[in-house]
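Structural features, examined
The residues making up each chain are set out below.
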Amino acid sequence: MRRYHVTTFGCQMNAHDSERIKGMLEELGLGEAPSPEEADVLVFNTCTIREKPDTRLAAHLGDAKVLKERDPDRVIAVGGCYAEAQRESIFARYPFVDVAFGPGSIPHLAEWLGAGGVGVARSSFGIAEERRFAATLPMHRERSFQAWVQVSMGCNSKCAYCIVPAVRGREVSRRPGEIVAEVTRLASEGVREITLLGQNVNSWGRDLRPEIDTEFGELLRACDAVEGIERIRFTSPHPKDFREPVIAAMAESRTVCEHVHLPLQSGSTRLLKAMRRTYSRERYLQLVDRLREAIPDLALGTDIIVGFPGETDADFQATLEVVEAVGYDSAYTFVYSPRSGTEAAAMPDQIPDDVKRERIERLVELVQRIGHDRNRARIGLTEEVLVEGPSRTDPSRLRGRTRRNTTVNFLGDAGAGELVQVEIDGATSTTLSGRQAALVAA
Ligand code: 5AD
Ligand code: SF4
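Residues numbered from 1 in each chain as written. Chains lettered and ligands numbered in written order. Predicted model: local features only at pLDDT ≥ 70, side-chain atom pairs only at ≥ 80, totals over all residues. Heavy atoms only, no water.

Next up on the list: empty space enclosed by the protein. Applying the stated rule across the entire model yields 1 cavity of 30 Å³ or more. A volume near 30 Å³ is recorded for the largest cavity. Around the largest cavity sit Val-323, Tyr-328, Asp-329, Ser-330, Ala-331, Val-367, Ile-370 and Gly-371, which together line it. Of all the elements, helix H13 (residues 353-376) adds the most residues to the lining of the largest cavity, at 3 residues. Its residues assigned to classes, the lining of the largest cavity comprises 5 nonpolar, 2 polar and 1 charged. (1 Å grid on protein atoms, 1.4 Å probe; cavity = no way out; pocket = protein on both sides within 12 Å on 5 of 7 lines; lining within 4 Å. Points joined across faces, edges and corners; volume = space filled by probe spheres on them. Helix = DSSP H or I, 4+ residues; strand = E, 2+ residues; numbered from the N terminus. Nonpolar A, V, L, I, M, F, W, Y, C, P; charged D, E, K, R; others polar.)

Rendered as structure tokens:
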């Protein structure tokens, strides 16, 4: 049997796309190989959000080149956002790559690879006539009890730093009936937690009007009504589109978790404007207040960029203030990385590396201190945890996540996929620790 290996970079959307790529390759009759060395078809599902993933990909492709030299029949395919950004020029840089394809062309990958992964037309960039949802393809799921469900593809925002709209195109929403049917099928297969995925989940449905008049809150309620689903998450919402019906749906739906990932990017209104985020610091903070009022015990996560062109010390200070004021439970922090073709890459006043480094260090320190405080406040509480498997650091313990999306390492005897009560007795800036409640009682 011929075998494939998929290496995935980037966000959850890409991880989900990889599940579809794997499902499709399996339908072609290929089996999964445990490593690239043992595979006949090597797929790299790439990311290009910052420069770092580009560099990491280059290293991986260097290894693939060696494998290809050893066995020229190996097929090397590069998909995802980097491929879409580079298009044909990928073959000039990496002549040993056989096929390249963008995120909208996954459904066509099978045709390009041919049955069993042979007969591929070398050095072709797979251009699909139209972008199609990978969501309708067979899927190879990594965990039986958790699943991603794609609600839309593409993004209509114009954030000045971001390459995503260029590589994933304009927003197209999947029809609600199709989404709910998928969630229902997943539930019947034993899935207990779903994460609804979109570049901007809160604008979901807008392009379906007037034929279908709906919005994301309604979708949350419809998924909440599906028998067997215990937890619903979604990522990512854009603060500009977070409206009352979604807040109400979160508050009133049993299975929608008390967690929102709400990208801030900057705490300075002036910089937010330059970034084209279309909200001010005040509007963001008001949204946080409304969310917290409606959803008690809400956990908030965020994304923050430091060193955007023109960022002054005062702008950076404003970001630190918002981080302190909100008190995030978790935050991803990024050094601004110019992406060619984006508006910000051409802006004057690019920030020197040493300034960016100094700022990110200060920001990380603050984020960690607040995360630690927030987690310490959970000590003594009992939290519902969905067990994911053995702990990564200590296999004698279990690992899972709370509804608020915090990882917990704990002493227990439950199996993966079970919901258990855990008494929290310890905290770091990013994790909790504890013991399964029944064990404590026994
Ligand atoms: N440089 C740094 N960070 C970026 N992000 C997006 N584009 C860039 C860039 N050019 C960050 C944003 C986004 C997250 C997924 O990546 O914070 O929310
Ligand atoms: Fe995901 Fe953006 Fe990376 Fe594409 S470029 S994989 S959308 S993070």
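Take the sheet that holds strand S11 (residues 231-235) next. One open sheet holds the 3 strands; their spatial order is S7-S10-S11, and the pairing between them is parallel. Taken across any chain shown, the strands that pair with only one partner, and hence form the sheet edges, are strand S7 (146-150) and S11. With strand direction ignored, the average angle separating the axes of adjacent strands in the sheet is 25°. Looking at chain direction, S7 and strand S10 (residues 193-197) are connected through 5 bridges and run parallel. (Pairing = 2+ DSSP bridges. Axes fitted to C-alpha atoms, helices over the stretch in contact; angles between N-to-C directions.)

This next bit is on the site of ligand 2. As a structural note, the neighbourhood of ligand 2 is formed by Cys-11, Asn-14, Thr-46, Cys-47, Thr-48, Ile-49, Cys-81, Val-164, Arg-168 and Gln-199. Partitioned by chemical class, the residues of the shell around ligand 2 number 5 nonpolar, 4 polar and 1 charged. (Near = heavy atom within 4 Å.)

Our focus in this paragraph is H13. The end-to-end C-alpha distance of H13 is 34 Å, a good match for the 34 Å that 24 residues give at a rise of 1.5 Å each. Residues of H13 that are buried include every one of Lys-356, Arg-359, Ile-360, Leu-363, Leu-366, Val-367, Ile-370, Gly-371 and Asn-375, and no others. Tucked inside the fold, the buried residues of H13 contact strand S13 (299-306), helix H12 (313-326), strand S14 (330-335), strand S18 (419-427) and strand S19 (431-436). (Expected span 1.5 Å × (residues − 1). Buried < 20%, exposed > 50% of the residue type's maximum accessible area, 1.4 Å probe, protein only. Contact = heavy atoms within 4.5 Å.)

One can describe the packing of helix H9 (residues 244-252) onto helix H11 (residues 281-294) by two numbers: an axis separation of 9 Å at closest approach and a directional angle of 30°. One element, H9, and the other, H11, form an angle in the roughly parallel class. Of the two possible hands of crossing, H9 and H11 adopt the one that is right-handed. Across the interface between the two elements, Glu-244, Ile-247 and Ala-251 from H9 touch Leu-287, Arg-290, Leu-291 and Ala-294 from H11. Looking at the contact of H9 with H11 residue by residue, the class counts come to 5 nonpolar, no polar and 2 charged. (Parallel < 35°, antiparallel > 145°, perpendicular 65-115°, else oblique. Left-handed = near helix turned anticlockwise from the far one by under 90°.)

Turning next to the pattern of salt bridges. Tallying each qualifying case throughout the model produces 41 salt bridges. Note that Glu-343 is salt-bridged to Arg-276, the shortest N-O span being 2.7 Å. Highlighted residues: Glu-343 in the loop between S14 and H13 and Arg-276 in the loop between helix H10 (269-274) and H11, separated in sequence by 67 residues. On the basis of relative accessible area, Glu-343 is assigned to the partly exposed category, the value being 36%. Judged by relative accessible area, Arg-276 falls into the partly exposed class, the value being 42%. Through salt bridges with shared partners, one network takes in Glu-193, Arg-231, Arg-233, Glu-384, Glu-388 and Arg-401. (Salt bridge = Lys/Arg side-chain N within 4 Å of Asp/Glu carboxyl O.)

Take the nonpolar core next. With 53 residues, the main nonpolar core has Ile-194, Leu-196, Leu-220 and Phe-242 as its most contacted residues. Apart from the residues lying within four places of it in its own chain, the contact partners of Leu-196 are Val-149, Val-151, Val-201, Phe-216, Leu-219, Leu-220, Cys-223, Ile-232, Arg-233, Phe-234 and Thr-235. In terms of nonpolar packing, the next biggest core, distinct from the first, is built from 20 residues, Ala-39, Ala-64, Phe-91 and Tyr-94 among them. (Core = buried A, V, L, I, M, F, W, Y, C linked by side-chain atoms within 4.5 Å.)

Our next topic: the site of ligand 1. The environment of ligand 1 is made up of Ile-49, Arg-50, Tyr-161, Gln-265, Asp-303, Ile-305, Phe-334, Val-335, Tyr-336, Ser-337 and Arg-339. Arg-50 is positioned such that a nitrogen or oxygen atom in its side chain is 3.0 Å from an oxygen atom of ligand 1. In isolation ligand 1 exposes 400 Å². Once the protein is present, 86% of that is buried. Secondary-structure elements contributing two or more residues to the shell around ligand 1 are S13 and S14. (Polar contact = N/O pair within 3.5 Å; in protein donor to acceptor, adjacent residues only side chain to side chain. Areas by Shrake-Rupley, 256 points an atom, 1.4 Å probe, with all protein chains shown as cover.)

All right, on to the state of the cysteines then. Across all of its chains, the model carries 0 disulfides by this definition. Free of any disulfide, Cys-223 has its nearest neighbouring cysteine sulfur in Cys-257, separated by 13 Å. (Disulfide = S-S within 2.5 Å.)

Once that is clear, we can look at the sheet that holds S19. Consider a sheet: its strands pair through backbone hydrogen bonds, and that pairing is either parallel or antiparallel. With mixed pairing, 5 strands are arranged side by side around a closed barrel as S15-S16-S17-S19-S18. For this sheet, the mean angle separating the axes of adjacent strands, direction not counted, is 50°. With 5 bridges joining them, strand S17 (residues 407-411) and S19 adopt parallel strand pairing. Residue pairing in the sheet places Leu-411 in a bridge with Arg-435 of S19.

Before going further, it helps to spend a moment on the side chain of Ser-203. With respect to the helices and strands, the residue Ser-203 is situated in the loop between S10 and helix H8 (216-224). We classify Ser-203 as buried; its relative accessible area is 5%.

What follows concerns the packing of aromatic side chains. Evaluation of the coordinates by the stated rule reveals 5 aromatic pairs. Look at Phe-308 and Tyr-336: their rings are 5.6 Å apart centre to centre, the planes differ by 70°, and that puts the pair in the edge-to-face class. Pair noted here: Phe-308 is in the loop between S13 and H12 and Tyr-336 is in the loop between S14 and H13, with a separation of 28 residues, a long-range link. Of the residues examined, Phe-308 reaches a relative accessible area of 0% and is grouped as buried. Ring-pair connections join several aromatic residues into one group, and the members of that group are Tyr-161, Phe-308 and Tyr-336. (Phe/Tyr/Trp six-rings, centres within 6.5 Å; stacked < 30°, edge-to-face > 60°.)

Two elements in contact, H8 and H9, have axes whose closest approach is 7 Å; the angle formed by their N-to-C orientations is 20°. Here H9 runs roughly parallel to H8, going by the angle between their axes. In terms of crossing hand, the pair formed by H8 and H9 is left-handed. Contacts between H8 and H9 involve Phe-216, Gly-217, Leu-220 and Arg-221 on the former and, on the latter, Pro-245, Val-246, Ala-248, Ala-249, Met-250 and Glu-252. Taken together, the residues of the contact of H8 with H9 sort by class into 7 nonpolar, 1 polar and 2 charged.

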